[in-house]
Amino acid sequence: TAGRTACDARELALWMPRSDSQSGDLDAVRSPAHKRALAAAQAAFVTWRDAKCAFAATIYEGGSLARVVESRCRLETTAAWSGDLADRLAQDDAP
């Protein structure tokens, strides 16, 4: 369990800068309204992800697998958010 959560934490540490960079790329050439909406979405994402993953972990409440479920959820949800941002960047770059 400790090894799995440590591995997830290392991978999450790779995804977070990627999504932050993508947010910065989206933010760089946009209107003030777009920048505010992106900042709000980013903040809401972190809050939602943390709540979603805490809830997912309750299936093993009190057990050692709760940490594994929560760390895996954070990793997968952050990777999906990064994919969403990459899709938006691709759409914005399309001719």
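Before going further, it helps to examine the overall build of the protein. Per the secondary structure count, the protein includes 3 helices and 0 strands. Reading the secondary structure of the protein in the N-to-C direction produces α-α-α. Each of the 95 residues in the protein was classed as buried or not, and the buried ones make up 26%. In the protein, the share of contacts with a sequence separation of at least 24, taken over all contacts with a separation of at least 6, comes to 74%. By element, 61% of the accessible surface of the protein is carried by carbon and sulfur atoms, the whole surface being about 5,800 Å².

Further remarks concern the environment of D8. Its place among the elements puts D8 in helix α1 (residues 2-28). Relative accessible area serves as the criterion here: at 1%, D8 is assigned to the buried category. Between the C-alpha atom of D8 and that of C73, which follows or precedes it by 65 residues, the distance is 9.3 Å. Look past the residues within four positions of D8 in its chain and what remains in contact with it is V68, S71, R72 and L75.

Take the pattern of salt bridges next. Enumeration according to the criterion identifies 4 salt bridges in this entry. One salt bridge in this structure joins D50 and R74, with 3.0 Å as the shortest N-O distance. Remark: R74 occurs in helix α3 (residues 65-93) and D50 occurs in helix α2 (residues 32-57); sequence separation between them is 24 residues. Across the pair R74 and E70 runs a salt bridge whose closest N-O atoms are separated by 3.7 Å.

Definitions and limits used
- Residues numbered from 1 in each chain as written.
- Predicted model: local features only at pLDDT ≥ 70, side-chain atom pairs only at ≥ 80, totals over all residues.
- Heavy atoms only, no water.
- Helix = DSSP H or I, 4+ residues; strand = E, 2+ residues; numbered from the N terminus.
- Buried < 20%, exposed > 50% of the residue type's maximum accessible area, 1.4 Å probe, protein only.
- Contact = heavy atoms within 4.5 Å.
- Areas by Shrake-Rupley, 256 points an atom, 1.4 Å probe, with all protein chains shown as cover.
- Salt bridge = Lys/Arg side-chain N within 4 Å of Asp/Glu carboxyl O.

These values are about where atoms sit, not about what they do.
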